Amino acid sequence: MKKVALYALMFLCLACRKENKDLPAEVSLTEAGNITYAEGFDITKEPSGITIIRVHSPWPGAESGFTYALVPRQKLPLVTLDKDAYDAIITIPVEKVVVTSTTHIPALESLGVEKSLVGFPNCRYISSEKTRSRIKAGLITELGNNESLNTERLIELRPDVVIGFSIDHRNKAYDAIGQSQIPVVYNGDWTEKSPLGKAEWIKFFAPFFGLETKADSLFTTIAKSYLDAKQLALKATDRPTVLSGSLYEDVWYLPGGNSWAAQFVEDANARYLWAQDTGTGSLSLSLESVLEKAEKADFWISPSQYTAYDEMKTANRHYQQFKAFSSGKIFTYAISAGETGGLLYYELGPNRPDVILRDLVHIFHPELLPDHIPFFFKPLR
């Protein structure tokens, strides 16, 4: 419970410094990537066919970013790159990859390149049935914890690239991997503030496999589905009030008003009671202050890892004071889990915000989506 709670609060982590790498003067960029919602990266192309990916936000508050050059295999003998100008140079299309966050798994599967995955830290957190079958078959190597990767085992795999995830610059394992001539590329999808911004990071993965057109098509479909659901929600005649979060060691953690989670509530045409807050991470509040503001809230979503009313009642009797508890209007993502306990909300949710939004529209305005079957958010038992 403690580990999952801390994982859920990773958006609060502090950032540090990394030396910035500028593009070399000789590179002439002629084609800009079509990035519409994501703010954390951009993609451009050099006339020779080399793809440049710049990650602006590898972690919250990062003072500088990273620049990567992706070079087609057939172009290698024909181009000369200044290695000091890039944080990593990757030969594409890659054939073997290691990723480090469960949010990377759906991107690989959507692009149809899941068979390229050869290693992952904490495999038990992966929920996807497709990837779990490959783990069981011994095709994906367990690499320990992301904070302390088994570098020896990873280096033995000789992946073409490691897609890294970090809360700051202090991951010595990535330094060791880079020194072994295995490129490490940081992915900052989790730092995005908007639902569609997170989902658009599928375009970050695409150039490594030469699948930019497919990624554009996939994202266009997701974005349309999301915007259609948002437009549908505007037809509702009321805007119910919404509470979120729960207590953890006497502190109530809930999403800030400008957070990813709060944006879903707004787009579902409901009124998140902390919408006026300007924070993008989590708020740390007292039970008393939450009870004062949200005792009469119509709905309560994401009550941490709780899945049943009796469980909540046992944990803290004060939960029963909330109207949403007594009226049976609490909805959780914790029920939707993989066979080894990984939560689909954390893994697939950032990639499919349209499904999350439709769940919430169905919850807040059931008359608008009467036939919808909830996928992530389900009633507390």
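Scroll up a little and you will see the structure.
Bear in mind that the values here come from a model prediction, so they are computed numbers and not experimental data.

K.L.:
Would you mind going over the sheet that holds strand S13 (residues 241-244) in detail, with residue names and values included?
P.N.:
Overall, mixed pairing links the five strands, which are arranged S16-S13-S18-S19-S20 in an open sheet. The open sheet has two edge strands, strand S16 (271-272) and strand S20 (378-379), and neither has a second partner.

K.L.:
Hey, could you go over the packing of helix H8 (residues 212-233) against helix H9 (residues 260-267) for me, with residue numbers and the actual values?
P.N.:
Close contact between H8 and H9 brings their axes to 9 Å; oriented N to C, the two are set at 50°. It follows that H8 is oblique to H9 by the angle criterion. Between H8 and H9, the contacting residues are Tyr226, Lys230 and Ala233 on the first element and Gln263, Phe264 and Asp267 on the second. The class makeup of the residues in the contact of H8 with H9 is three nonpolar, one polar and two charged.

K.L.:
So, the packing of aromatic side chains: which residues are in play, and what are the values?
P.N.:
A complete count under the given rule lists 33 aromatic pairs for this structure. Seen from their ring centres, Tyr345 and Phe377 are 5.5 Å apart, and the 75° between their planes marks the pair as edge-to-face. Remark: Phe377 occurs in the loop between helix H14 (353-364) and S20 and Tyr345 occurs in helix H13 (residues 344-347); sequence separation between them is 32 residues. Residues Tyr345 and Phe377 agree in their burial class; the two are buried. Lying across the ring of Tyr125, Arg124 places its NZ or CZ 4.7 Å from the centre.

K.L.:
So what's going on with the nonpolar core? Which residues, and what values?
P.N.:
Residues Ile90, Phe204, Phe208, Trp252, Phe322 and Phe364 are the most contacted members of the largest nonpolar core, which totals 111 residues. Among the nonpolar cores identified, the runner-up in size contains six residues, and Ile52, Ala69, Ala85 and Tyr86 belong to it.

K.L.:
Explain the pattern of salt bridges to me, using residue names and the numbers behind them.
P.N.:
This model, assessed by the stated rule, comprises 10 salt bridges. Linking Lys203 and Glu200 is a salt bridge whose minimum nitrogen-to-oxygen distance equals 2.9 Å. Across the pair, Glu200 and Lys203 agree in class, each one buried. Salt-bridge contacts for Glu266 lead to Arg239; the nearest nitrogen and oxygen are separated by 3.3 Å. Of this pair, Glu266 sits in helix H9 while Arg239 sits in the loop between H8 and S13, placing them 27 residues apart in sequence. On the basis of relative accessibility, which here comes to 40%, the residue Arg239 falls in the partly exposed class.

Parameters and conventions
- Residues numbered from 1 in each chain as written.
- Predicted model: local features only at pLDDT ≥ 70, side-chain atom pairs only at ≥ 80, totals over all residues.
- Heavy atoms only, no water.
- Pairing = 2+ DSSP bridges.
- Helix = DSSP H or I, 4+ residues; strand = E, 2+ residues; numbered from the N terminus.
- Axes fitted to C-alpha atoms, helices over the stretch in contact; angles between N-to-C directions.
- Parallel < 35°, antiparallel > 145°, perpendicular 65-115°, else oblique.
- Contact = heavy atoms within 4.5 Å.
- Nonpolar A, V, L, I, M, F, W, Y, C, P; charged D, E, K, R; others polar.
- Phe/Tyr/Trp six-rings, centres within 6.5 Å; stacked < 30°, edge-to-face > 60°.
- Buried < 20%, exposed > 50% of the residue type's maximum accessible area, 1.4 Å probe, protein only.
- Lys NZ or Arg CZ within 6 Å of the ring centre and 35° of its normal.
- Core = buried A, V, L, I, M, F, W, Y, C linked by side-chain atoms within 4.5 Å.
- Salt bridge = Lys/Arg side-chain N within 4 Å of Asp/Glu carboxyl O.

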